[in-house]
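# Survey of secondary and tertiary structure
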Amino acid sequence: MAVACRNCGNSMNDDARFCSVCGTPAAAQQSAQAYPPHPGFTTVARLIRPRAGRMVAGVCQGLANSYGWDVTWVRVITVLLTIFGGGLGLVAYVVFWIVMPEEPLALPKPNAWGPHSPQS
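Now for a look at the structure at hand. Everything numeric here is computed off the predicted structure, so don't read it as measured data.

Criteria and cut-off values
- Residues numbered from 1 in each chain as written.
- Predicted model: local features only at pLDDT ≥ 70, side-chain atom pairs only at ≥ 80, totals over all residues.
- Heavy atoms only, no water.
- Helix = DSSP H or I, 4+ residues; strand = E, 2+ residues; numbered from the N terminus.
- Buried < 20%, exposed > 50% of the residue type's maximum accessible area, 1.4 Å probe, protein only.
- Contact = heavy atoms within 4.5 Å.
- Core = buried A, V, L, I, M, F, W, Y, C linked by side-chain atoms within 4.5 Å.
- Expected span 1.5 Å × (residues − 1).
- Arc of directions from axis to C-beta.
- Phe/Tyr/Trp six-rings, centres within 6.5 Å; stacked < 30°, edge-to-face > 60°.

## Focus on the overall build of the chain
Regarding its fold elements, the chain presents 4 helices and 2 strands. Starting at the N terminus and ending at the C terminus, the chain contains elements arranged as β-β-α-α-α-α. For the chain, the residues scored as buried account for 21% of the 120 residues in total. In the chain, the proportion of contacts linking residues at least 24 apart, taken out of those at least 6 apart, comes to 29%.

Put into structure tokens, the structure is as follows:
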């Protein structure tokens, strides 16, 4: 069943998140029973700098992961604040780099019998 955009009237699929013509979010048009709330929207994850997906120190990736934002936009805003904000983006980046803890290493579970077990 197609849904009409509340802004421009364009016909959209049921699973569309945005209108392809005007870009209006379609989530506000759908009932709360149709799509249960995402668990990331009810609680904010702890700010950590992930080891995967980082460019320099993982600050932008950590902010994007924590709040469910697109990491590209976080990086663009950081660069714009650095260039046009009098260095505010760089200062904020360094502060977050110091304050945000790094994601712990994911070590494999130790083998119960060890590497020299009689059963291997």
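Next comes the rest of the account.
## Focus on the nonpolar core
Counting residues in each nonpolar core, the largest one holds 9 residues, listed as A57, V59, C60, L63, A64, V71, V74, Y93 and M100. Contributing elements (two or more residues each) for this core: α2 (59-67) and α3 (71-84). Here this core takes 4 residues from α2, the largest share from any one element.

## Regarding α3
The first and last C-alpha atoms of α3 sit 20 Å apart over 14 residues, in line with the 20 Å expected at 1.5 Å per residue. Residues of α3 that are buried: V71, V74 and T78. Down the axis of α3, the buried set is contained in an arc of 60 degrees. They therefore lie on one face. α3 presents W73, I83 and F84 as exposed residues on the side facing more than 90 degrees away from its buried surface. Looking at the buried positions of α3, the neighbouring elements they touch are α2 and α4 (88-99). At the C-terminal side of α3, G86 shows a positive phi close to 70 degrees.

## A closer look at the packing of aromatic side chains
Overall, the coordinates contain 2 aromatic pairs when judged by the stated rule. A ring pair is formed by Y67 and W69, whose centres lie 4.9 Å apart and whose planes are at 20 degrees; its orientation type is stacked. For Y67, a relative accessible area of 37% puts it in the partly exposed group. With a centroid separation of 6.1 Å and an interplanar angle of 80 degrees, the aromatic rings of Y93 and W97 are classed as edge-to-face. With Y93 and W97 both in helix α4 and 4 residues apart, the pair spans about one turn of that helix. For Y93, a relative accessible area of 14% corresponds to the buried category. Since its relative accessible area comes to 39%, W97 is described here as partly exposed.

## Here's the deal with the environment of I77
Within the secondary structure, I77 is located in helix α3. With 17 residues separating them along the chain, I77 and C60 place their C-alpha atoms 9.7 Å apart.

Everything listed here is a matter of geometry and, on its own, says nothing about what the molecule does.
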